[in-house]
Structure formats: C-alpha cells, structure tokens
Amino acid sequence: MTGEPPADTRALDETVQDLKKDVVDLNKELFVLEEELLFPANTQVAVFVSMDIGEFFALDSLTLKIDNKEVANYMYTPREAEALLKGGVHRVYLGNLKVGEHQLVAFFAGKGPNNLDYKRGANLKFEKGVGAKYLELKITDRQRKAQPEFAIKDWE
Amino acid sequence: MSKLSRIVAVGALVALAPALATPAMAAKPEVDKLSPTVVRDLHFGDALFYYYQAQDFEAITRLQAYRQWGRMPHHDAETDLLLGGLYLSLGLHNEAGERFETLLTQSVPEGVRNRAWFYLGKIWYARGYLDRSERAIKEVQGRLTPDLEAERLHLLSNILMRQQRFDEAIALLNSWKGRSDQSDWLAYAQYNLGVALVRKGLVTEADPFLTAVGTIESGRRELRSLRDRANLALGYAYLQNNQPAEAKPVLQRVRLDGPFSNKALLGVGWADAAEGQFQEALTPWMELRDRNLLDSAVQEAYLAIPYAFAKLNANAQAAENYELAIRSFDTETVNLDASLAEIDDGTMLDKLLKRDEKDHYGWFWQLKEVPDAAQSRYLYHLLAGHDFQEGLKNYRDLAFMGSTLSRWQDSIVAFDDMLDTRERAYAERVPQADAVLNSGRLDRYGAERATAGGKLDEVETTQDVAALGTAEERDQWARIVRLETALLAAPTDEETNVIREKTRLAKGVLYWRLAESFKARVWNERRTLKDLDQALREAQNRWVRVQKARSSMPNNTGEFAARVEALRLRLEAAQQRLAGVATQQNGLLESLARTELEQQKERIGTYQIQARFALASIYDRAALGGGAVNTPKEGATESQGELEIVPSEEKQPDAPGEVQPAPGETPAQGETPPPAEPPK
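Bear in mind the structure is a predicted one, so any value in this text is a computation, not a measurement.

Quick notes on the rules
Residues numbered from 1 in each chain as written. Chains lettered and ligands numbered in written order. Predicted model: local features only at pLDDT ≥ 70, side-chain atom pairs only at ≥ 80, totals over all residues. Helix = DSSP H or I, 4+ residues; strand = E, 2+ residues; numbered from the N terminus. Buried ≥ 20, exposed ≤ 12 C-beta atoms within 10 Å, placed from the backbone. Contact = placed C-beta atoms within 7 Å. Nonpolar A, V, L, I, M, F, W, Y, C, P; charged D, E, K, R; others polar. Pairing = 2+ DSSP bridges. Axes fitted to C-alpha atoms, helices over the stretch in contact; angles between N-to-C directions. Core = buried A, V, L, I, M, F, W, Y, C linked by C-beta atoms within 7 Å. Parallel < 35°, antiparallel > 145°, perpendicular 65-115°, else oblique. Left-handed = near helix turned anticlockwise from the far one by under 90°. pLDDT = per-residue confidence, 0-100.

Caption draft 1: Just the overall build of chain B, in detail. Scanning chain B for helices and strands turns up 27 helices and zero strands. A total of 680 residues make up chain B; the buried ones form 37% of that total. Nonlocal contacts in chain B, meaning residues at least 24 apart in sequence, comprise 64% of its contacts between residues at least 6 apart.

Given below as structure tokens:
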C-alpha cells in the first residue's frame, strides 16, 4: 500500500481532467463567438459598475438609460454586492450603439449614510466612435463629506 | 473547506482583493502578498467579479476570452496566477501544477510562492498523488508562519506515513519543536509519531506519545476525538503485543459515547478474555450487542458473547446467543442484498445528489448531507471516505459542465437562425445598395458642389452683387438691364430721357441695396457651402462603409457560419465524451459502493459460518454428553475445537495505526484527522 489512488481511479481522474480542460476551452470559444456575433467591436458599448470601500453606500439596484431608453435594471444580491466591494467590476450592460453622440443616465438605489434609503443619479454625454466604447459607473466614498459619490468615467 | 478557506487558498495566489477594493489599505506592505494592484483594465475586474462569487467556471471563461481580445494588457501576470488558482479550484490540478511550475519564479514574492506550492501540495495529497504532493511541499522555502509551518510538517508526515516511510516520518516528527501556543498541532504530531513508532513495532517507545495525547483534557470535539483515537491505537498495539493488562486501562479511557467506543469496548473484552476473565469480558460485549449491527465491532461481539459463555461452560446460553447471531446476520444479509440491487439499477448517484444544491461545483464542494436512501446506512463510511468524495466531485463537475454545454447547444441554434436572417436581409438589401453605389450620385453631387463653389468665387471676384440677390431682386435687375439695352437703341428725346433717368435711378437704388447686403450674402453662401461639404463628407463616409459592408458581408457571415458549425461539432463531441466519462465515473463509484457492501456481506457471511460451526460444535458436545460438564478453560489456545469459532481479531487484533474513526479509511494510512480541518 503506497497510498496512491488505484490505477483505474487515477486513469479516470486524468481523463476527467483532460475533458474538463477541453470543456473549459470550448466554453471560452463559444463565449467569444457569441460576443463577436451579437456585439461586434464597431458598435459595442459596455457599461461597468465598480465600488470602493462602500462605507457610505450599499448598492441595491441600478437602472440605466441610454438616449432616454431603459436598457438595464439590475438588482444586486448580497453576494454580488460583496464581490463589488472586494474589487470586482460588474459589466452590467453590453449592447450596440451607432456612431455619434449619446447620453447615458444611471440611477443608483441603496442604503446611504445612517442606513437610510438613498437614491442618486449620474449622467454623461459621450461620443461613440468606430471602436468599442467602455463606460464605468464609479461609486466612491467621499470621506470629507461622509457621503457617497457617483460618477461616470468614459474609458474611450 | 469553508468559503473563507477557499478564498484564502486561491486568494493567496493573487492576494488582490483588498488592494483592489481599498487602495489605501493595500498600500501597507505585506510580505505575503503581491504588490498592491488597482484595476487598470475593466475586464479584469469583471472576471474578478465572478471569481469573488466562487463562479470559477465563469471567471476562467472570461479571463481567457478577454485575454484573447487583448482587453487586459495591464494584468498579464495576475491573470496567469489567477488562472492557475482557478484551474486548481476546478480540480484541474495537472494543468494548475504545470502553470505554477512556470509561473512561480523568483519574481513572485516568497510568501505567495510558498502558499501556492503549499495549497497545491494539499490538493495533490487529497487527490492521492503523494509523489507530486511531496514535491510541491518541498518547494516551500524560507520561513512560514508558525501555524503554516506546523501544517506543512503535518502534511509531510502524513505523506511519508501513507507511503509506509515510517523511519523518515519519525525523524521528521521528532525534529519538530512546536511553540507553546501550538498545543493542538503538538497533539497531532505526537499522535502521528506514536502511530509511526507502533507501525515499526516499537510499542514501548510509542507509549509516552500516545499516552500524552490520550490523557489530554479538552472540551473540544476535535481533540476529544484525537484523544480517543490515541487510546484506541495504543490499546490495540498492546493487545497485538500480547500485553492485555497494559491494554485494558488504556482502552477504558475511550469515551463510551464517542465514535470509537465500539472498538474500545470490544478491545476491553478481548483484554479480559486474553487473561481468562470471560465473566468480565461479557460486560463490554453485552453492552456492544445493543448497538448498531452495521458496526463490525458489534458484529464481532455477537460471536464473542457466546464464545465467552462457552468458555464459562454455559453451553445453553452459548447456543442461544449463537442462534441470535445467526438470525441477526441473516436479516442484515437480506438488507445488504436489497441495497446491492439498488446499486445495480444504476441510479445511486442521482439519488445521492438529488438533495444537493445544483449550482455549486468544483474542488471545494463536499457532500454534506447523506441522503435518506436505503443503502445510505451501509455506505455511510464509504460516502464520508476520500476516494468516494473525490469521485462524486468529478461526477458533479461533469454534470454541471454538461448542463452548461446543453445551454450552449440552444444558443448555437439561435446563432444559426440569426445568421440565416442576416443573410436574407443582406440578399434583400444588396440590390438597393448596389443601385445606390452604381448611380454615381455622390460623384455628381461633388461635381455640382465644385461648380457652385467656382461660381461663388467668380461672383465675389467680379463683385456681381446682383447674382446673390433674391429672386425678386434678380428679376428686377434683369428687367433694368433689358430696359437699358432697349434704351440704347431708342431715340434721344425728352420722353425717352425721362425713362433713362428713372431707369438709372432705379438701378442705383437696386444696386445700393444689393451692394449693402452683398458681403452678408457671400458669407451666407460660404456657410451653406461649408454645411454642404460636411454633409458630403458624411455621405462619403457612409458610402465607404456601405461599400465595405457590401464587400465583406459574404465573408463575414460565411466565417461566422463556419465557426458556428465547427463549434457545434465540438459541442456534440464534448457532450458525448461527458456522457461517456460520467458513466465511467458513475461505474467506478458504484463499484466502490458495491465492493463496500460485498465486503460487509462477506464479513457477515464469515461470521455466520463461524456461528453455525460453533453452534454445531456445541450441539455435538451436548450430544456426546461432555458439554455441560466441561470446566472453563484457561485460555483459547487450550481448546483447538473452540479456537475455530474465535473471531480472527482475537488472534490478530488490529494494528494500532488501523484504528480509524471511519472504517472506510484504510488502515495503512496511519492518518491523523483530516488536514482539511486543522486546529484553529
């Protein structure tokens, strides 16, 4: 008895690993295909959400409007909110837009200072060029005012 | 492993979370972490969003895709490390190991490197790859935190013991000097050292270590369990060494309500029996008989009791108890057969997994709740065992991947439809586009614009103020010019002169009006031309885009169609392989379960034969008229006839290392409690 797994167990484990690796790679290929097919780079626009410490604001939900049309309405689970606080950035919207000027409006809802209901908005006019456009909704804590701050960053 | 441990285990490889979330905090130097990193590419943050929710499959997919698109240029190194950790988490330890071997270079901080090797070693150990595990653990260099160092030693000693390398294990454990606040680790080390010595046959040398653990005072379940195991190990070592007097007090230290009490009670009985104290031996054995017959110690007690009665010459009671044993074993055999039949119907795993949450997968998953299936009570130890759990994890992972691929199969159909629609729309629009592109309208507009520009230049140069007048003014101007021309040929008389004068005056007034607004009108015209230029440029751009789209569309659609088709084939092949491997995995797990049940059945069968033989022997002796008058014998060796009914364990008690909390664990492992639950 050497403590090694039996030969058939080990052989099967190797097979399972190979297969898992293939499935992981295949899943990636399908993910790539889907995005390239549905959201080509020349029309793609993606909106991301990020948070920093989250001392003054706990995000519950988010509504996005582009050119006055609602494109996303997202409720955050505690697990997702936690992932944001740890440093994750959520791609909340992926869509297509024509070249030209557009307007993004975001409404944030959650708990603000002293655990009170808190709603805020932010908006940005942006120019969509021929390449993909990335916009970041940033929720930051403004320590001096003890208030959260909501801003939209255009990543070009 | 808890979620927290999971985060630490993989998170230690990247240690990004606090740095990303709170740059201010992350600025504090931490030797065990990579340099503080801020998210410089949104897509890297997006992959982390899924990683932090333990959605490892999604995180891997996104990291790979985003890397392919070149969307994370600033996080190349972190991406590699994170991918390594994620592969590990999905049970792809070979892939993870290969990655780490190339990634964990000197440029990675020592603390991070050590942790990565350490956790890789743990996972290989748990998967049974002891050689790889040992290699990974030996890659850990420099100073670790005291607890990590203790855990490393613990893991290494387990690796050595599972490979029967007891001398090396003894030397390693003897060399370790734990700190005073590491009493838990010390207890584990002493236990392992004691077991290693026993396995080398050095029971006397093992005694102080196992006694030290066996007399620990603790209210904690984990340590009380370790204490019981130490006493059981030492007690059986003494029994095996023919030292029953030493064995008995040690075995009596085992708690009566603990998981090891059955073995201990059996051993206490054998210690008494070995000294000819059959009356005393009956006390623990009778206690055992009221317990669960699934336990091998209880089964053995069913034979040991009549054996003791026979030794005490109480043949009637002996016969009665042998009959009871035979009936009980019969019932269990029927139950075992029923359970075996359930395994044969091939639905065991699905029944096991039915109650479990569906959306979790990966290395850190464990079956926590044993289902209420008929075979569960026979398989309890097997289900808790390592090999079975590993296989079950793979089975679950395969099922999860299968469901993911099924969703993609639906999407592939949608992609196909979409491409068809695009192609139809393309076919409809192409004639319109071609008509526009072939009309030459844009060129004509350009030429007209140039003509208009030239005219304006001329008007401005020649100060042709009338040219920019309103339609009415231009009409008036033309009429004046016509009148002037007509007057040239008219006779010079008073009436004509009056007309000439009026014409001159009208022309002067009109010219003055036109001249006054000329500059503004030129400016307006220039602005109109500028607007026209912009419109023409835009039209030109669109024209180019339409031309481009027109020429690339067939290729683009065709390329997508080819990709969709290729992926569809791969999907189908992967689904088939998944189903095949899942069946193999299922078969392996079922065979483990079947083997376990058959072993139980075989053991009961052996006991049953022994019981029948002994019963027959008693009846024979009674028939011969000798049974009732026999005096009790001093020891089992004095009666060859009766020796045959003595369960084999009396002659060869378990080796100390074989005393395990779960019979499913193999004796030779000599393992201390699972490393996954180290002392806190």
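Resuming the write-up.
Caption draft 2: Inspection of the overall build of chain A at higher detail. A count of helical and extended segments in chain A gives two helices and eight strands. Per-residue burial over chain A gives 29% buried out of 156 residues. Contacts in chain A between residues at least 24 apart in sequence constitute 64% of all its contacts with a sequence separation of at least 6.

Caption draft 3: Focus on the interface of chain B and chain A. Taken together, the 56 residues of chain B in the interface contact 45 residues of chain A. Of all the elements in the fold, those that place two or more residues in the side of chain B that touches chain A are helix H2 (17-21), helix H4 (42-51), helix H5 (56-68), helix H7 (93-103), helix H22 (386-439) and helix H25 (494-624) of chain B. If one sorts the elements of the side of chain B that touches chain A by residue count, H25(B) sits on top with 13 residues. Of the residues assigned to the side of chain B that touches chain A, the class counts are 29 nonpolar, 18 polar and nine charged.

Caption draft 4: The arrangement of the sheet that holds strand S8 (residues 147-154) of chain A in detail. Residue and element names in this part refer to chain A. Reading across the sheet, the four strands line up as S4-S1-S7-S8 and stay open at both edges, with mixed pairing between neighbours. A single partner strand is all that each edge strand has here, and the edge strands are strand S4 (90-96) and S8. Mean inter-strand twist for the sheet, computed between neighbouring axes without regard to direction, equals 15°. Across seven bridges, the pairing between strand S1 (residues 44-51) and strand S7 (residues 133-142) is parallel.

Caption draft 5: Structural context of the pairing of S7(A). All names here are of chain A. Inspection of the sheet shows S7 paired to S8 by eight bridges, in the antiparallel sense. Bridge pairing in S8 links Thr140 to Glu149. Connecting the antiparallel pair S7 and S8 is a turn made up of four residues, with Ala146 showing a positive phi of about 50°.

Caption draft 6: The arrangement of the sheet that holds strand S3 (residues 69-75) of chain A in detail. All names here are of chain A. The four strands lie next to each other as S3-S2-S5-S6, forming an open sheet whose pairing is antiparallel. Each having just a single partner strand, S3 and strand S6 (117-128) make up the two edges of the open sheet. Adjacent strand axes in the sheet meet at a mean angle of 15° when their direction is disregarded. Sheet analysis places strand S2 (residues 58-66) next to S3, joined by six bridges and oriented antiparallel. Looking across to S3, one finds that Ser61 is bridged to Met75.

Caption draft 7: A look at the nonpolar core. Counting 175 residues, the largest nonpolar core has A:Val47, B:Leu120, B:Ala196, B:Ala233 and B:Ala308 as the members making the most contacts within it. The biggest single contributor to this core is H25(B), with 18 residues.

Caption draft 8: Region of interest: the environment of B:Leu488. With respect to the element layout, B:Leu488 can be found in helix H24 (residues 471-489). Residues B:Leu488 and B:Arg500, spaced twelve residues apart in sequence, show a C-alpha to C-alpha distance of 9.3 Å.

Caption draft 9: Highlighting the packing of helix H16 (residues 261-274) of chain B against helix H17 (residues 278-289) of chain B. Residues and elements named next belong to chain B. With their axes 7 Å apart at the nearest point, H16 and H17 run at an angle of 165° to one another. Judged on the interaxial angle alone, H17 and H16 are roughly antiparallel. Between H16 and H17 lies a crossing of left-handed hand. Here Asn262, Leu265, Leu266, Val268, Gly269, Asp272 and Ala273 of H16 come into contact with H17, specifically with Phe278, Glu280, Ala281, Pro284, Trp285, Glu287 and Leu288. When the residues that make up the contact of H16 with H17 are grouped by side-chain class, the tally is nine nonpolar, two polar and three charged.

Caption draft 10: View of the environment of B:Ser296. For B:Ser296, the location among the structural elements is in helix H18 (residues 296-311). Look at B:Ser296 and you get partly exposed, because 19 C-beta atoms sit within 10 Å.

Caption draft 11: Spotlight on helix H15 (residues 244-252) of chain B. Among the residues of H15(B), those classed as buried are B:Pro244, B:Ala247, B:Lys248, B:Val250 and B:Leu251. In this structure, the buried residues of H15(B) make contact with helix H13 (203-214), helix H14 (221-240) and H16 of chain B.

Caption draft 12: Layout of unusual backbone geometry. Despite not being glycine, A:Asn114 has its phi angle at roughly 60°, a positive value. Counting through the fold element by element, A:Asn114 comes out in the loop between strand S5 (100-111) and S6. Backbone geometry at B:Gln164 places phi at a positive 65°, although glycine is not the residue there. With respect to the secondary-structure elements, B:Gln164 resides in the loop between helix H10 (146-162) and helix H11 (166-175).

Caption draft 13: Looking closely at the confidence of the model for chain B. Looking at chain B, the pLDDT average stands at 79 and 81% of residues meet or exceed 70. Confidence metrics for the complex model read pTM 0.68 and ipTM 0.95.

Caption draft 14: Representation of the packing of H4(B) against H5(B) in the model. Residue and element names in this part refer to chain B. One can describe the packing of H4 onto H5 by two numbers: an axis separation of 7 Å at closest approach and a directional angle of 165°. What the angle tells us is that H4 and H5 run roughly antiparallel. The two elements H4 and H5 meet at a crossing, and its hand is left-handed. Between H4, through His43, Asp46, Ala47, Tyr50 and Tyr51, and H5, the contact on the second element is made entirely by Asp56, Glu58, Ala59, Arg62, Leu63 and Tyr66.

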